[in-house]
Amino acid sequence: MEQQTKTSARALGAALKPRQLTMMGLGSAIGAGLFIGSGAGIQAAGPAVLISYLVAGTLIILVMWALGEMAAANPDSGAFSVYTAKAYGPVAGATVGWLWWLQLVVVIAAEALGAAGLLATIFPALPVWLMAFVFIVVLTAVNLTSVKNFGEFEFWFALLKVAAIVGFLLVGAALLFGWLPGAQSPGLANFTGDGFAPSGFAGIATALFVVAFAFGGTEIVSVAAAETAEPARSVKKAVRTVLWRILVFYIGAIFVIAAVVPVGSAGLKSPFAAVLDAAGMPGAATAITLVAVAALLSALNANLYGASRMAYSLAERGEAPRLLASVSKARVPVVAVLASVAFGVVTVVLELAFPEMVLPILLNIVGSTCLLVWTSALLAQLALRLRADREGTELPLRMPGFPWLTSLGLLILAAIFTVGFIGEDSRPQLLSTFGLVALLAVANWLNHRNRKAAPVVEPSERAKPSVLID
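Not measured: the values here are computed from a predicted model.

K.L.:
When you look at helix 17 (residues 369-391) in this model, what are you seeing that I'm missing?
P.N.:
Note: α-helices contain 3.6 residues per turn, so residues at a spacing of three or four share the same orientation. Between its terminal C-alpha atoms helix 17 stretches 33 Å, which fits the 33 Å expected from 23 residues at 1.5 Å a residue. Where helix 17 terminates, the next one or two residues include glycine 392, which has phi positive at roughly 75°.

K.L.:
Would you explain the packing of aromatic side chains in this entry?
P.N.:
Taken as a whole and judged by the stated rule, the model has 15 aromatic pairs. Seen from their ring centres, tryptophan 101 and phenylalanine 343 are 6.1 Å apart, and the 70° between their planes marks the pair as edge-to-face. A residue pair is termed long-range when its members are at least 10 positions apart, and tryptophan 101 in helix 7 (residues 90-122) and phenylalanine 343 in helix 15 (residues 334-353) qualify at 242 residues. Since its relative accessible area comes to 29%, phenylalanine 343 is described here as partly exposed. Consider the rings of phenylalanine 168 and phenylalanine 272, whose centres lie 4.3 Å apart with planes at 40°: the pair is tilted. Of the two residues, phenylalanine 168 is situated in helix 9 (residues 147-176) and phenylalanine 272 in helix 13 (residues 271-278); the sequence distance between them amounts to 104 residues. The same class applies to phenylalanine 168 as to phenylalanine 272, namely buried. Pairwise contacts between aromatic rings join Tyr53, Phe215 and Tyr250 into one cluster.

K.L.:
Sorry, what's going on with the side chain of threonine 228 here?
P.N.:
By the secondary structure assignment, threonine 228 is in the loop between helix 11 (220-224) and helix 12 (231-260). A distance of 2.7 Å separates a polar atom in the side chain of threonine 228 from the backbone oxygen of alanine 225.

K.L.:
What exactly am I supposed to notice about the nonpolar core here?
P.N.:
What tends to happen in soluble globular proteins is that the nonpolar side chains get buried as a cluster. With 151 residues, the main nonpolar core has Ile30, Phe80, Phe168, Phe272, Leu371 and Trp374 as its most contacted residues. Tallying contributions element by element places helix 14 (residues 284-316) first for this core, with 18 residues. Discounting chain neighbours no more than four positions away, the residues touching phenylalanine 168 are Ala253, Val256, Ile257, Phe272, Val275 and Leu276.

K.L.:
Quick question: what am I supposed to make of a nonpolar patch on the surface here?
P.N.:
On the surface, Trp129, Leu130, Phe133, Val134, Val137, Val138 and Leu352 cluster together into a nonpolar patch covering about 610 Å² of accessible area. With six residues, the single largest contributor to the nonpolar patch is helix 8 (residues 128-145). Its location among the elements puts valine 138 in helix 8. With relative accessibility at 42%, the residue valine 138 sits in the partly exposed group.

K.L.:
For this particular structure, what's the right way to read the pattern of salt bridges?
P.N.:
Pairing between side chains of opposite charge can happen when the charged atoms of each approach one another. One pass over the full model with this rule turns up five salt bridges. Of the charged contacts, one joins arginine 309 and glutamate 227 as a salt bridge, the two residues approaching to 2.8 Å between their closest N and O atoms. One end of the pair, arginine 309, is in helix 14; the other, glutamate 227, is in the loop between helix 11 and helix 12, with 82 residues separating them in the sequence. Residue classification places glutamate 227 among the buried positions, given a relative accessible area of 0%.

What counts, and where the lines are drawn
Residues numbered from 1 in each chain as written. Predicted model: local features only at pLDDT ≥ 70, side-chain atom pairs only at ≥ 80, totals over all residues. Heavy atoms only, no water. Helix = DSSP H or I, 4+ residues; strand = E, 2+ residues; numbered from the N terminus. Expected span 1.5 Å × (residues − 1). Phe/Tyr/Trp six-rings, centres within 6.5 Å; stacked < 30°, edge-to-face > 60°. Buried < 20%, exposed > 50% of the residue type's maximum accessible area, 1.4 Å probe, protein only. Polar contact = N/O pair within 3.5 Å; in protein donor to acceptor, adjacent residues only side chain to side chain. Core = buried A, V, L, I, M, F, W, Y, C linked by side-chain atoms within 4.5 Å. Contact = heavy atoms within 4.5 Å. Patch = residues over 30% accessible without salt bridge, like charges linked within 9 Å, V, L, I, M, F, W, Y side chains within 5 Å. Areas by Shrake-Rupley, 256 points an atom, 1.4 Å probe, with all protein chains shown as cover. Salt bridge = Lys/Arg side-chain N within 4 Å of Asp/Glu carboxyl O.

Following this line, the structure appears as structure tokens:
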């Protein structure tokens, strides 16, 4: 795991600041999965969903440590795709990269439509298609200007979400302690007796599969590390600060919701609003809806960034069309950004033309992608760390408890996959995702076989990015 700065990192620039990288990692994990989807986990397991979140939180801590170790030693916009290639060969690396890219471009469409749909509940006169189009255009423009502008935009997006969570925790604590006039404290009645785990271990296991996806997005820190001025220092700070903050915000918010909103309540459809309503806060539903819109737009912004950088990295390595490696004078991969957003725009148009047909199918296919990406990250770190230790290579950041904690992460992932395959609802999603992986692996193998038969291109020539004239 050699310590070096890749050509891609310098070609793309290094304008992201440590505070932006830290908030990006934090903001990526605090999205609609928490603001809207947390109720599904509580419905499945009751207050015992806290166990599911602790297990999933432990997993993401281990994955972040593994990615942080590799990113600090070798910052690259291809991140886990590059690390998998170094550990297990180019076909494996390209398959992981394309899998993640497909997930992000599909999710971009879902987030644009989701944000527009939520905003339409407040402003029904505004057409959903028009709002979705405006969101995509504006955030594409943000991604096309410079990485510094993107980082600042995402910083404030994430700060808004963090402020909302902090405010929610303060209101929730005041409600539970009985400090709010006119609002009766529910105490901890929901945590006593059979009410804590009404569905037993099966409910906790089912919720684990559901809540694991709430932490998806944190891996983008390893991608963005390549565009920071001091990658090793920035990654260290991001890993060490993001992890405990995620756990505090997630576990704290879920604890408050589980204590206030009982299992079976209609309020679990919008759990944050239900808590604020119980606290007697006027306009709670509208406020949370607006925060959820901001969360979706923040995720759209970050996912477009991540997709474009992965496409750029794949092109730079010869795993994608060379044109995707073109950069502007602002050192932004313009073609990669436009190609990534184009897929999302087409998906939005098709979904609007054929409602509830196109997008659900695509989301089902890529739904479990983050689990496979996390698996590849842990496996790559296991192989590269063993190689580095064997060769006596010094690393700027070392994952503690190696190899036992890496193995623990893989065991947790194996448990999540097992639960997913047992569940009748989740099994088709996993089978679809594994089918996609098989297709990508075959396509990348054929690509490499054809490249071996083609004339040899010098590595230095292949790595040199083309530049668009603005």
